[in-house]
Amino acid sequence: MDCRHIQFSMDKSKVDLWQLQALFNEAAFWARERTLEDLEIAINNSNPVVTVWDGTRMIGFCRATSDGIYRGTIWDVVIHPDYQGAGLGRKLVETALSHPLMSRVERVYLMTTHQQQFYERIGFEENKSTTMVLHNTYEMSALSVSKHSLEFQTKELDTVSV
Ligand SMILES: CC(C)(COP(=O)(O)OP(=O)(O)OC[C@H]1O[C@@H](n2cnc3c(N)ncnc32)[C@H](O)[C@@H]1OP(=O)(O)O)[C@@H](O)C(=O)NCCC(=O)NCCS
């Protein structure tokens, strides 16, 4: 496949949420049924966000979160099936890694179910020691927020009464 016309962008404002939702539904089993509203939140809170374009068609995506120095994590790496196997996935991840928020971090993490070999080709290695996960829910978040604010209010009252 001749990919010389394919373009990579790190301009978040270019992300087409409708095309992104369709790309995920087609090729990203973990990201099916994400709403446009939630995708927008994820993109606003990620940096860099990389998109891959064949003209006006968005054919690839990934995003990262980073503290800029210690830890960064890459998320939602996907290349449309019509374009896989041509080196675009590698360039997509390498573009994210080249961003100033990622290029200096000590460790870059990612989670993958089936694509270990793809990431190994790029230089990642298996890391079995980092496996904790919290399956958070809105109910749990609400509960812990109200618990914390209750504790905070109690402390404030204590301070006032002393
Ligand atoms: C994984 C994915 C992004 C790879 O993109 P791609 O454009 O097909 O990959 P590339 O052509 O850039 O491949 C880069 C290298 O990895 C190798 N590779 C790619 N996929 C591989 C696989 N599944 N198993 C083994 N090697 C693989 C390629 O052979 C190539 O090797 P090379 O260094 O010898 O040239 C793409 O297949 C995809 O979007 N899959 C569906 C979504 C997905 O699973 N994303 C990852 C979620 S963590």
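Structure: see above.
Residues numbered from 1 in each chain as written. Predicted model: local features only at pLDDT ≥ 70, side-chain atom pairs only at ≥ 80, totals over all residues.

Enquirer: Lay out the overall build of the protein with the relevant residues and their values.
Expert: The helix and strand tally for the protein stands at 6 helices and 5 strands. Of the regular secondary structure in the protein, the N- to C-terminal order runs β-α-α-β-β-β-α-α-β-α-α. Once local pairs closer than 6 in sequence are excluded, the contacts in the protein between residues at least 24 apart make up 58%. (Helix = DSSP H or I, 4+ residues; strand = E, 2+ residues; numbered from the N terminus. Contact = placed C-beta atoms within 7 Å.)

Enquirer: Kindly report on unusual backbone geometry, identifying the contributing residues and their values.
Expert: The phi torsion of most residues other than glycine is negative, and most of the peptide bonds are trans. Between Asn 47 and the following residue, Pro 48, the backbone shows a cis peptide bond with an omega angle of 0°. Counting through the fold element by element, Pro 48 comes out in the loop between helix H2 (36-44) and strand S2 (49-54). Non-glycine residue Glu 33 carries a positive phi angle of around 65°. Relative to the elements of secondary structure, Glu 33 occurs in the loop between helix H1 (17-27) and H2. Its identity as a non-glycine residue notwithstanding, Asp 76 has a phi of 55°, on the positive side. Looking at Asp 76, the number of C-beta atoms within 10 Å reads 21, which means it is buried. (Buried ≥ 20, exposed ≤ 12 C-beta atoms within 10 Å, placed from the backbone.)

Enquirer: Please set out helix H3 (residues 88-98) residue by residue, giving values where relevant.
Expert: For H3, every residue scored as buried is listed here: Leu 88, Gly 89, Leu 92, Val 93 and Ala 96. Down the axis of H3, the smallest arc covering the buried residues is 135°, so these residues share one side. If you follow the buried residues of H3, they end up packed against S2, strand S3 (57-66), strand S4 (71-79), helix H4 (100-103) and helix H5 (116-122). (Arc of directions from axis to C-beta.)

Enquirer: Summarise the sheet that holds S4; cite the residues concerned and give the values.
Expert: Strand pairing in a sheet relies on backbone hydrogen bonds. The paired strands run either parallel or antiparallel. Reading across the sheet, the 5 strands line up as S1-S2-S3-S4-S5 and stay open at both edges, with mixed pairing between neighbours. At either end of the open sheet lies a strand with only one pairing partner, and these are strand S1 (7-9) and strand S5 (107-110). If you compare each strand with its neighbour and ignore which way they point, the axes differ by 25° on average. The pairing of S2 with S3 spans 6 bridges and is antiparallel. Within S3, the position partnered with Val 49 by the bridge is Arg 63. (Pairing = 2+ DSSP bridges. Axes fitted to C-alpha atoms, helices over the stretch in contact; angles between N-to-C directions.)

Enquirer: Before we move on, can you summarise the site of the ligand with the specific residues and values?
Expert: Taken together, the neighbourhood of the ligand is formed by 17 residues, with Gln 84, Gly 89, Arg 90, Thr 112 and Gln 117 sitting nearest. Looking at side-chain class alone, the shell around the ligand contains 8 nonpolar, 7 polar and 2 charged residues. (Near = placed C-beta within 6 Å. Nonpolar A, V, L, I, M, F, W, Y, C, P; charged D, E, K, R; others polar.)

Enquirer: Give a detailed account of the packing of H1 against H2, specifying residues and quantitative values.
Expert: One can describe the packing of H1 onto H2 by two numbers: an axis separation of 10 Å at closest approach and a directional angle of 100°. By the criterion of interaxial angle, the relationship of H1 to H2 is roughly perpendicular. Between H1, through Leu 17, Leu 20 and Gln 21, and H2, the contact on the second element is made entirely by Leu 36, Leu 39 and Glu 40. Considering only residue class, the contact of H1 with H2 consists of 4 nonpolar, 1 polar and 1 charged. (Parallel < 35°, antiparallel > 145°, perpendicular 65-115°, else oblique.)

Enquirer: Give a detailed account of the environment of Asp 67, specifying residues and quantitative values.
Expert: Considering the arrangement of structural elements, one finds Asp 67 in the loop between S3 and S4. On the basis of neighbour counts, which here come to 11 C-beta atoms within 10 Å, the residue Asp 67 falls in the exposed class. For Asp 67 and Met 102, which are 35 residues apart along the polypeptide, the C-alpha to C-alpha distance reads 8.5 Å.

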